[in-house]
Amino acid sequence: MDDIRKSVIKTDHKIKVDGSAKYIADIKFKNSLHAKTLRSEKAKAMIKNIIIPELKDGYYIVQGKDVPGLNKVKVIQNDMPIFSDTEVNYIGEPILLVVGPELKEIIEILNEIKVEYEEDIPVFDMREAKDAFAKYEYEKGNIKDAFKKASRVIEEKFYTGYQEQAYLEIQGVVGSYEDGKTSVYGSMQCPYYVKNAVIQALGCSEDEVRIVQTTTGGGFGGKEDYPSLIGSQVAVAAYKLKKPVRLILERIEDMSYSTKRHPALLKYKSALDEHDNIIGMDVDITLDGGAYATLSSVVLQRSLLCAIGVYNIPNIKVNGKVVKTNTPPNGAFRGFGGPQSTFAIETHMAHVANEIKCTPLELKNKYFVKTGDNTSTGGKFSYDVKLEEMIEKAEEISDFSDKYKKYSNEKGIIKKGIGMSIFLHGCGFTGSGERDFIKAKVKLLKSKDGIVEILVANTDMGQGLHTTFKKIVAKVLDKNYEDIIYKNPDTDRVPDSGPTAASRSIMVVGKLLERAALRLKENWIERQEQIIEENYKHPDLIPWDIEKFNGDAYPSYSWGVNVVEVEVNTITASTQVTGIYSVFDIGIPIDETIMEGQIQGGVIQGLGYASCENMERKDGRLKQHSITDYIIPTSKDVVNIKNVLVDNPCDLGPFGAKGAGELTLVGTAPAYADAIENALGVKVNKIPITPEWIMEAIVNE
Amino acid sequence: MNKTITLKINNKTITTEENSTKRLLDFLREDMDITGPKEGCGEGECGACAVIIDKELVNSCLVTIGSVQEKEITTVEGLRGTKQFDILEKCFAESGAVQCGFCTPGMIMAAHALLSKIPKPTESDVREGISGNLCRCTGYNMIINGILMAAKRGDGLW
Amino acid sequence: MVDGYFPSTFEEALKILNEKDVVIYAGGTDLMVRNKNATSLLPTFNDDLLYIGNLKELKEIKESTNDLEIGAACSLSSLLIEKEIPEILKEAIRQIASPAIRNMGTLGGNICNASPAGDTLPVLYALDAKLKLTSRNSSREVNIKYFILGPRKTLLEKKEILESIIIPKAEFNKLYYQKVGSRKASAISKLSFVGLAQVKDEKVKDIRITLGSVAPRIVRIKEAEDILVGSNLKDIESKMGDVKKMYSKEIVPIDDQRSTAVYRKIVALRLIQYFLNIEIRKELGI
């Protein structure tokens, strides 16, 4: 095999193109029953009574009392019920399932069920929230001193809105029960998360639960923890009824009630000395967690770790909290707290630059972190930081600085603008999660005939793991990647190699596979079946202390520079993106075309986050809850992205690869905001930057 | 009133006593076990259900089987094995046009419908041709490159 | 459970319509969204469907000296390739939804659905389109401005079908269409603007201005147009204030999930000003 990065045809390409790939809704389970969810009409209430009509033969209710184990979804905390039939905390919260053979009858039953609520006063606005799921803070240097010495203080607030993953394949799971074993099949990112949740729900042993991932049509974090909820529900139902139970959501249901990106309020305060140097920065972040904790504490952690971006500021104070509101719980979405903070720090730096009369890039240049610098939490940027080279390349391909100057002085109805963002993303799980909680394990199974199979719990949701993992193993063993086997994970057969999240799959699991393959190669015995196991080894880092919020939060970092060029029609405030340029350092790509796909897809998702993906609530309900009203970009809204990769191999990852899955979404929004500011001379402080906001800014100018 | 509905799907003539108001998408997926067309939204917005009816791209979630009797209905399963499908498949592979694959059958149908009308499309034509097919993974550009590549290589096929 | 009628001629369709309670189904693109049910369940129609989408009589395009008659069941995409169809109508159709929707959706459907955001409506109002409404025993022509009473409400009687749309021929050398949507495809209009003018020797001979999605019905103000007809281009500036005031009174948009009333109103007035200041002076039409 050539150099590993050389593009190959994806091994699941054919079945996806010819329509034969089976997603969960495509699979027919014999004798399966349909399930539909009864959901709360109230945002905060006690349930006094549920009046269920007489049910036809073959129709059942599955609810809290049918849960043999703990009626709580196992995520980080155990605060969210599987069936919320005594108390509800958001409109849409699942109360029970109606299960039966005919969907029409199920829906009629649903409409006849009466729930008696005793209402309480809900909290919808995160600014009015009283409870927090998590709080953290950290400091560096002497922030009080810095503000005492300051000649100028620049203070501002930012708001970032919801973002819905909008994967094309709607969430769905099927639970079944056979011979003492409960199985859940479905669209998911983390089979072992679902397995652990089902074990808790059924109060049973490990070998009584089996989870099988089916071909998954997109996840982006939206299928990281939500399948644990619906998976537990169908597992309980299948266990009770001893028949397959099929729960496939409707799009409006999925959009309205599954997890989304946390909205955020970010306050930035910078202290400048008499020479206009930034000597201190105080950041305060509030995330809206929704009604239950889910993954919010970790999202908050990453958000705080990205709060100072790619800058080395001498004195800092960062604190944040994620609060409870009576809305559907928020969760993981590519970037996981990073996009919110990156938008804020990049835009704040641009605003500071404006105040002191220089360009954003001129200001940012003075503070870029360098190789060997400490991170804001007392860790170290041990691996090479190539920001200078990356910005040079970005200038080369986009002509950024010249255009920035030119566009600042334009007149006319169509105003052009160009903007740049510089950002990072920590690779892998935040803190010591990899060592203390995940403890990843991989297996390679070699048959007597020398066929090698990869046994891991990681899932392909479009990002190409089926192909990249095979390439890694094949390259080490000097085989054809198409001869390596890697099936959708089945927990009966694969060890827990950890979740497919946090940009860890290639770097952490891929590395384990590389080591396992090396050991297999060195110990290869012909005509004998062999199993090689490899366990996670934590690299030598400055230990992470979550209480003090101190140490190396991540073993390594990936870096990005984005440039976005826009045209703004000042009559209608509509915008058209006319150029997108990116430079990324992700170590090395395991497959160039697959990496290009991650770049194109992630950057465009970031563009949607910046401009058209507006999602608002009124009285706890979403105003945009259908694929018609929640606006994601179409083919006519985007232009081709010109991208350059800067090689920077890191020995923590296979062949030098680092994390890449989330990085590519993180930078588009601040680059877009910078472009809008360049075009119109306005000050952006919220995303999405809708035409409605732009028009108000134009009129107020 | 008709009691029997006659449909032509992927070159086969099918008669059915299903209700004539049944959605074509449901008929294909449940009665015919043709699962290439997918339900992504049920509102005609995402294009994952797109099929070709009498050479036109149509969202099958928005048509009743009664409304498409006597028309030629083609799904991605019906394109398999044709020279045009082979070129599209190869070019989609090279250009990295497929990630999670859920939008892909619809994209293939949109590409085929477009190239059947405009064998040598511009980039703008292609963007227009797939403008009703949503994709969340690829950001569209690699799909567009794949279709333009197929137009070039498939010289004479469309 | 309901079923369908499949008439093979227009006459047969009218007979059924006269005798039964039915839902008229042409392209189905609006109907199927409004009657959407859960996956795999039948749509929620309460009456039998009368399928008229394939009737030849409703798909004809007839041109005479004075006008153009378009069959109501012509699909939107079919109109894009007919040379007789006015360019301004094609401009609007090109930006409707997506190719798949345009292949099934019909001009008649867009009219009878009577959505305040119906994209062909501002064009048809500007062109003074008339609608031929036919029942078993009668036929009448109604100007579109009287036909649509409000959102989803029209003058169409229970036993009538919209048979065709009659567009009086008129010459315009300035055409300006602007659809403001949340993205460049598959977008329901936040607002839309149609500006047509015939300018000769720097004088306005004819001018039509309509706006969509900014009021319960399409906004067209004949009195404002009359102020501008006969003006020299250089005099328009002085009339702008009064003209804008007249439109401002009729432009009463709402806040909804797509946009805000404030935005819609500001942009509507800016588009009027832009058309009268700039577009009307451009050398060519579209």
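Nothing here was measured: the structure is a model prediction, and the numbers come from that model. (Residues numbered from 1 in each chain as written. Chains lettered and ligands numbered in written order. Predicted model: local features only at pLDDT ≥ 70, side-chain atom pairs only at ≥ 80, totals over all residues.)

Trainee: Explain the overall build of chain A here, please?
Mentor: Counting its regular elements, chain A contains 18 helices and 25 strands. For a compact globule of 701 residues, the expected C-alpha radius of gyration is about 27 Å, and chain A comes in at 25 Å, within 12% of that figure. When its C-alpha atoms are laid out on the principal axes, chain A stretches across 75 × 70 × 50 Å. For chain A, the proportion of its 701 residues judged to be buried stands at 62%. (Helix = DSSP H or I, 4+ residues; strand = E, 2+ residues; numbered from the N terminus. Rg over C-alpha atoms; globule rule 2.2 N^0.38 Å. Buried ≥ 20, exposed ≤ 12 C-beta atoms within 10 Å, placed from the backbone.)

Trainee: Just to check I follow, could you spell out the sheet that holds strand β12 (residues 191-200) of chain C for this structure?
Mentor: Two strands in a sheet stick together by hydrogen bonds in their backbones, pointing the same way (parallel) or opposite ways (antiparallel). All names here are of chain C. Judged by pairing direction, the sheet is antiparallel, and its four strands sit side by side in the order β11-β12-β13-β14 without closing on themselves. Each edge of the open sheet is held by one strand with a lone partner, namely β11 (174-180) and β14 (219-220). Here two bridges tie strand β13 (residues 203-212) to β14, and the two strands are oriented antiparallel to one another. Bridge pairing links Leu-211 to Val-219 in β14. Running at roughly 15° to β12, helix α11 (residues 261-277) makes contact with β11, β12 and β13 of the sheet. (Pairing = 2+ DSSP bridges. Contact = placed C-beta atoms within 7 Å. Axes fitted to C-alpha atoms, helices over the stretch in contact; angles between N-to-C directions.)

Trainee: What should I look at first to understand the domain arrangement of chain C in this one?
Mentor: Quoted interface sizes are often the accessible area lost when the parts come together. Residues and elements named next belong to chain C. In terms of domain boundaries, chain C breaks down into domain 1 (4-52 + 60-168) and domain 2 (174-281). A C-alpha centroid distance of 26 Å is found between domain 1 and domain 2. The interface of domain 1 with domain 2 comprises 19 residues on the first partner and 19 residues on the second. Elements that contribute at least two residues to the side of domain 1 that touches domain 2 include exactly α4 (87-94), α7 (121-126) and β8 (148-150). Here the element with the most residues in the side of domain 1 that touches domain 2 is α7; it accounts for five residues. By residue class, the composition of the side of domain 1 that touches domain 2 is twelve nonpolar, three polar and four charged. (Domains from an automatic or database assignment. Nonpolar A, V, L, I, M, F, W, Y, C, P; charged D, E, K, R; others polar.)

Trainee: Would you mind going over the nonpolar core with me for this structure?
Mentor: Within soluble globular proteins, side chains that are nonpolar generally end up buried alongside one another. Within the largest apolar cluster, 367 residues are counted, with the highest numbers of intra-cluster contacts made by Val-234, Val-473, Leu-513, Tyr-672 and Ile-676 of chain A together with Leu-50 and Ile-52 of chain C. Among all residues touching Val-234 of chain A, those that are not within four sequence positions of it are Ala-35, Val-173, Val-174, Gly-175, Val-184, Val-245 and Leu-247 of chain A. (Core = buried A, V, L, I, M, F, W, Y, C linked by C-beta atoms within 7 Å.)

Trainee: Looking at this model, I keep getting lost on the pairing of strand β20 (residues 557-569) of chain A. Mind explaining?
Mentor: Residue and element names in this part refer to chain A. Where burial is concerned, most of β20 is hidden: eleven out of the 13 residues are buried. Across ten bridges, β20 lies against strand β21 (residues 575-585) in antiparallel orientation. The partner of Glu-565 across the bridge, within β21, is Gly-579. The turn joining β20 and β21, which pair antiparallel and follow one another in sequence, is formed by five residues; a positive phi near 65° is taken by Ala-573.

Trainee: Just to check I follow, could you spell out helix α7 (residues 296-305) of chain A for this structure?
Mentor: Count 3.6 residues to each turn of an α-helix, and residues three or four apart come out pointing the same way. Residues and elements named next belong to chain A. Taking burial as the measure, the ten residues of α7 include ten buried ones, the bulk of the element. Among the residues of α7, those classed as buried are Ser-296, Ser-297, Val-298, Val-299, Leu-300, Gln-301, Arg-302, Ser-303, Leu-304 and Leu-305. Elements that come into contact with the buried residues of α7 comprise β7 (132-140), β13 (264-272), β14 (278-290), β15 (315-324), α8 (338-355) and β16 (414-426).

Trainee: Which parts of the structure should I look at to understand helix α4 (residues 191-202) of chain A?
Mentor: Residue and element names in this part refer to chain A. With twelve residues, α4 should cover 16 Å at 1.5 Å per step; its first-to-last C-alpha distance of 16 Å lies within 8% of that length. Here α4 lies mainly inside the structure; ten of its twelve residues are buried. When α4 is considered as a whole, its buried residues turn out to be Pro-191, Tyr-193, Val-194, Lys-195, Ala-197, Val-198, Ile-199, Gln-200, Ala-201 and Leu-202. Buried residues in α4 make contact with β10 (181-186), β11 (209-213) and α5 (226-241). Downstream of α4 by a residue or two, Gly-203 has a phi angle that is positive, lying close to 60°. (Expected span 1.5 Å × (residues − 1).)

Trainee: Looking at this structure, I do not really get the interface of chain A and chain C. What am I missing?
Mentor: Contacts between the two partners involve 20 residues from chain A and, on the opposite side, 21 residues from chain C. Examining the composition of the side of chain A that touches chain C, we find that four residues originate from one element, helix α18 (residues 691-700) of chain A, more than from any other.

Trainee: Where do I start with the packing of helix α10 (residues 236-250) of chain C against α11 of chain C in this structure?
Mentor: All names here are of chain C. Packing of α10 against α11 leaves a shortest axis separation of 10 Å and a crossing angle of 150°. One element, α10, and the other, α11, form an angle in the roughly antiparallel class. In the packing of α10 onto α11, the handedness of the crossing is right-handed. Side by side, α10 and α11 meet where Ile-236, Met-240, Lys-244, Tyr-247 and Ser-248 of the first sit next to Leu-269, Ile-272, Gln-273 and Leu-276 of the second. When grouped by side-chain class, the residues that make up the contact of α10 with α11 number six nonpolar, two polar and one charged. (Parallel < 35°, antiparallel > 145°, perpendicular 65-115°, else oblique. Left-handed = near helix turned anticlockwise from the far one by under 90°.)

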